[in-house]
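Residue-level structure breakdown
Here's the letter readout for the chains.
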Amino acid sequence: EGMNCYNALFVGRLAYEVTERKLLREFEVFGPIKDLKLVRETKTGEAGSADLTNPNTKSKGYAFVEYEHEEDMKRAYRAADGMKLEGREIVVDVERGHTVPNWLPRRLGGGLGGTRLGGND
């Protein structure tokens, strides 16, 4: 049935070594997780949900974490942004693709501009 985008977080800049299990361990401290999708390359090299039985498909470096409760998602959003996983600072954001009208990801010329500090993408 898909994720409830109002309880879901986007987690980006993940090191390729980060696994679903590692993500689950780091994010379940904020509350019960309903669903977690680490986006992997499919055999054709395109983004998609590869089956978890094949750990040989490379992570695309981002994931979606859905919490059972919106309050837990908000707590994780505030606390986990900038957290280090496998030596890399991760980016955590609310899942805007389905919750903000006319949203475009930064790579397509959208994004929220000055809401986050960071280097040049």
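For clarity, every value in this text was computed on a predicted model and none was experimentally measured.

With respect to the element layout, serine 59 can be found in strand 4 (residues 59–67). At a separation of 2.9 Å, a polar atom in the side chain of serine 59 contacts the main-chain amide nitrogen of glycine 61. The contacts of serine 59, once residues within four sequence positions are left out, are Tyr16, Leu38, Val39 and Arg40.

Here we come to helix 1 (residues 20–27). Among all positions of helix 1, only Glu20, Lys22, Leu23 and Phe27 are buried. In a view along the axis of helix 1, the buried residues occupy a sector of 160 degrees, so they form one face of it. Check the buried side of helix 1 and you find it contacts strand 1 (8–12), strand 2 (33–41), strand 4, helix 2 (70–80), strand 5 (84–85) and strand 7 (91–94).

Counted under the stated rule, the structure contains four aromatic pairs. Between phenylalanine 10 and tyrosine 62, the ring centres sit 5.8 Å apart and the planes meet at 35 degrees, which makes this aromatic pair tilted. Of this pair, phenylalanine 10 sits in strand 1 while tyrosine 62 is found in strand 4, placing the two residues 52 residues apart along the sequence. Three or more aromatic residues joined by ring pairs form one cluster here, namely Phe10, Tyr62 and Phe64. Between the NZ or CZ atom of lysine 58 and the centre of the ring of tyrosine 16, over which it lies, the distance is 4.6 Å.

Right, let's get into the pattern of salt bridges. Side chains that differ in sign of charge can pair as their charged atoms come close. With the rule as written, the count across this model stands at six salt bridges. Aspartate 35 is paired through a salt bridge with lysine 37; the nearest N and O atoms lie 2.8 Å apart. Residue classification places lysine 37 among the partly exposed positions, given a relative accessible area of 33%.

General note: in soluble globular proteins, nonpolar side chains tend to be found buried as a group. In terms of nonpolar packing, the biggest core is built from 21 residues, with Val11, Leu14, Leu23, Phe27, Tyr67 and Ile90 touching the most fellow members. Every element with two or more residues in this core is listed here: strand 1, helix 1, strand 2, strand 4 and helix 2.

Basis of the calculations
- The residue count restarts for each chain, going from 1 along the sequence in the order it is written.
- Restriction of local features to residues with pLDDT of at least 70 applies here, the model being predicted, together with a cutoff of 80 or more for giving and counting side-chain atom pairs; totals for whole chains, interfaces and linings are based on all residues.
- Side-chain descriptors were evaluated using all non-hydrogen atoms of the structure, hydrogens and water having been removed beforehand.
- Note on conventions: DSSP H or I runs of at least 4 residues are helices, E runs of at least 2 residues are strands, and numbering of each starts at the N terminus.
- For the purposes of these results, a polar contact is taken to be a pair of N or O atoms within 3.5 Å, where, inside protein, one atom must be able to donate a hydrogen and its partner to accept one; residues adjacent in sequence count only when each atom of the pair is a side-chain atom.
- In what follows, a contact means two residues having at least one pair of non-hydrogen atoms within 4.5 Å.
- For every residue, the accessible area obtained with a 1.4 Å probe (protein chains only) is divided by the maximum for its type, and the residue is called buried under 20%, exposed over 50%, and partly exposed between those limits.
- What the arc describes is the spread of directions from the helix axis to the C-beta atoms.
- Each Phe, Tyr or Trp ring (for Trp, its six-membered ring) is paired with any other whose centre lies within 6.5 Å, and the angle between the two planes then decides the class: stacked below 30 degrees, edge-to-face above 60, tilted in between.
- Geometrically, a lysine NZ or arginine CZ counts as sitting over a ring once it is within 6 Å of the ring centre and also within 35 degrees of the ring normal.
- When a carboxyl oxygen of Asp or Glu lies within 4 Å of a side-chain nitrogen of Lys or Arg, that pair is called a salt bridge.
- Buried Ala, Val, Leu, Ile, Met, Phe, Trp, Tyr and Cys residues that are joined via side-chain atoms within 4.5 Å together make up what is termed a nonpolar core.

These results come straight from atomic positions and should not be treated as a statement about function.
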